[in-house]
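Observations on chain architecture
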Amino acid sequence: LLHKKKIRIDPKPFAMGVRIEHPQQLINEIRYHTKDKHPNLPAAGYTLVTEVEQRGVYSFCMCPGGIIVPAATAPGELVVNGMSLSKRNSPYANSGFVVEVTNQEWTKFEKYQPFAALMLQEDIEEKAFYMANQTQSAPAQRATDFMNGKLSSTLPKSSYIPGLTSSPLHTELPEFMTKRLKKALLDFNRSMHGYYSEEAVLVAIESRTSSPIRIPRDRETLMHPAVKGFFPCGEGAGYAGGIVSAAIDGENVADGINKFLN
C-alpha cells in the first residue's frame, strides 16, 4: 500500500535458517551439568552466538520445553516457528538457528526493489514447501547428517505435529546459509558440549526472525520523513525482532506521538 502511494520503504537485512530441536533432557544435562535435574529447576534454555565469515550466526527465540509450530501465512510456502506453553513441560527444546542475510544475498531480486529482501524470503519459503512434497510436513535432517552431507535415513521424534520429511538440507538450502550453519554448529558445541549430536534435528525453514522491509523514520521524531503524523512502529515496520523489543519500541513511539500531539 505504501509503495503504491509512493511512500518510501526500504529492504532491510534480516536472518534466516532452521529450527534446531533437541530432547529437553539433553539440554538440561548440558546446562545443569547433571543427569538428575532438581524438580524445582525449570526446563533449561540457552543463548548462543558466533561469527562466521563476517556474519552473525545465533540462536533465536529459544523455546525450553517447547514445540515447533507451522507459521506459513500464504498458500504454497512452508515456515516454522517455536513456542513454549506456560508449563514448559514438552519433552523437547527448540530454537531458531539462523544466519544474517544482507543485500549480497538478494542481488538476483534487485528488479523487485524495494521488495528484493522480501522476494528472497518468499523464494526460500516456497522451496521449503516443495522440499516437503507440497505439504506442511517440514523438511528436516539430523545435525550429524547435515554436517556429513548425507540424507537422514531416519529422523528423531519431534514436537512438530504435521511431521517431518527427510530432506538434504545441506544441498537444498542456500550455500551462504549452510556453510555458516555447519561452522556454527561446531562453535556452539564447544560452548555446550553435546549440542551437536545424533539427537539434534534441523527443521526448515525459520525465515521470520524480523521484517525484510523497513519503513524509514526520523531518529528524533520517530515519524516517517515524508509523512507528518505517520509513526512506523514494531516488528512489521522493521524496528523490532520479538515481543519484548516490539513492546519497547511501542513505548518509545507512544512518547513520540505524545510530543507530536502536545
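Read on for a plain summary of the structure. Everything numeric here is computed off the predicted structure, so don't read it as measured data. (Residues numbered from 1 in each chain as written. Predicted model: local features only at pLDDT ≥ 70, side-chain atom pairs only at ≥ 80, totals over all residues. Heavy atoms only, no water.)

Observations regarding the sheet that holds strand β9 (residues 164-166)
If you trace the seven strands from one edge of the open sheet to the other, you get β3-β4-β7-β2-β10-β8-β9, paired in mixed fashion. Each edge of the sheet is formed by a strand with only one pairing partner; in this case those strands are β3 (49-52) and β9. Averaged over all adjacent pairs, the angle separating strand axes in this sheet is 35°, with direction ignored. Direction of pairing for strand β4 (residues 55-63) relative to strand β7 (residues 92-101): antiparallel, over a ladder of five bridges. (Pairing = 2+ DSSP bridges. Helix = DSSP H or I, 4+ residues; strand = E, 2+ residues; numbered from the N terminus. Axes fitted to C-alpha atoms, helices over the stretch in contact; angles between N-to-C directions.)

Things to note about the pattern of salt bridges
One pass over the full model with this rule turns up 13 salt bridges. Its salt-bridge partner being E29, residue K35 comes within 3.4 Å of it at the nearest N-O pair. On the basis of relative accessibility, which here comes to 22%, the residue E29 falls in the partly exposed class. The closest approach of N and O atoms between R208 and E77, which form a salt bridge, is 3.1 Å. (Salt bridge = Lys/Arg side-chain N within 4 Å of Asp/Glu carboxyl O. Buried < 20%, exposed > 50% of the residue type's maximum accessible area, 1.4 Å probe, protein only.)

Let's talk about the state of the cysteines
For the coordinates displayed, the defined rule picks out zero disulfides. Cysteine C63 is unpaired, with the sulfur of C61 as its nearest cysteine sulfur at 4.2 Å. C233 takes part in no disulfide bond, and the closest cysteine sulfur, belonging to C61, lies 19 Å away. (Disulfide = S-S within 2.5 Å.)

Looking at the packing of aromatic side chains
Per the counting criterion, the structure on display carries six aromatic pairs. Considering the side-chain rings of F109 and Y112, the 6.4 Å spacing of their centres and the 40° angle between planes classify their relative orientation as tilted. Under the relative-accessibility criterion, F109 is labelled buried at 8%. Given a relative accessible area of 36%, Y112 falls into the partly exposed group. Look at F129 and Y130: their rings are 5.9 Å apart centre to centre, the planes differ by 85°, and that puts the pair in the edge-to-face class. Accessibility expressed as a relative area gives 12% for F129, which makes it buried. The exposure class assigned to Y130 is exposed, which follows from its relative accessible area of 53%. One aromatic cluster is present, formed by Y46, F97, F188 and Y195 through successive ring pairs. One cation-aromatic arrangement involves R214 over Y239; the distance from NZ or CZ to the ring centre is 5.2 Å. (Phe/Tyr/Trp six-rings, centres within 6.5 Å; stacked < 30°, edge-to-face > 60°. Lys NZ or Arg CZ within 6 Å of the ring centre and 35° of its normal.)

Regarding a nonpolar patch on the surface
On the surface, I243, V244 and I248 cluster together to form a nonpolar patch covering roughly 340 Å² of accessible area. Among the secondary structure elements, V244 is positioned in helix α6 (residues 243-261). (Patch = residues over 30% accessible without salt bridge, like charges linked within 9 Å, V, L, I, M, F, W, Y side chains within 5 Å. Areas by Shrake-Rupley, 256 points an atom, 1.4 Å probe, with all protein chains shown as cover.)

A short note on the environment of I9
Structurally, I9 can be placed in the segment before β1 (10-11). We classify I9 as buried; its relative accessible area is 10%. Taking the C-alpha atoms as reference, I9 lies 6.3 Å from P216; in sequence the two are 207 residues apart. The contact partners of I9, leaving out residues within four places of it in the chain, are L2, H3, P114, F115, I213, R214, I215 and P216. (Contact = heavy atoms within 4.5 Å.)

Remarks on the nonpolar core
Counting 51 residues, the largest nonpolar core has F97, M177 and Y195 as its most contacted members. The element that contributes the greatest number of residues to this core is helix α2 (residues 116-131), accounting for seven residues. Leave out the neighbours within four places in its chain, and Y195 touches I20, H22, I27, I30, Y46, L48, L185, F188, N189 and A200. (Core = buried A, V, L, I, M, F, W, Y, C linked by side-chain atoms within 4.5 Å.)

Focus on helix α1 (residues 24-32)
For α1, every residue scored as buried is listed here: Q24, L26, I27, N28 and I30. The inward-facing, buried residues of α1 contact β2 (14-23) and β7. In the segment just after α1, H33 is the residue with positive phi, at about 60°.

Considerations on the environment of E100
Tracing the backbone through its elements, the reader meets E100 in strand β7. In this structure E100 comes out as partly exposed when scored by relative accessible area, which is 34%. Here the alpha-carbon distance between E100 and G82, two residues 18 residues apart in the chain, equals 19 Å. In contact with E100, not counting residues within four places along its chain, are F14, A15, R55, G56, Y58, E105 and F176. Side-chain polar atoms of E100 contact the backbone nitrogen of G56, separated by 2.5 Å. (Polar contact = N/O pair within 3.5 Å; in protein donor to acceptor, adjacent residues only side chain to side chain.)

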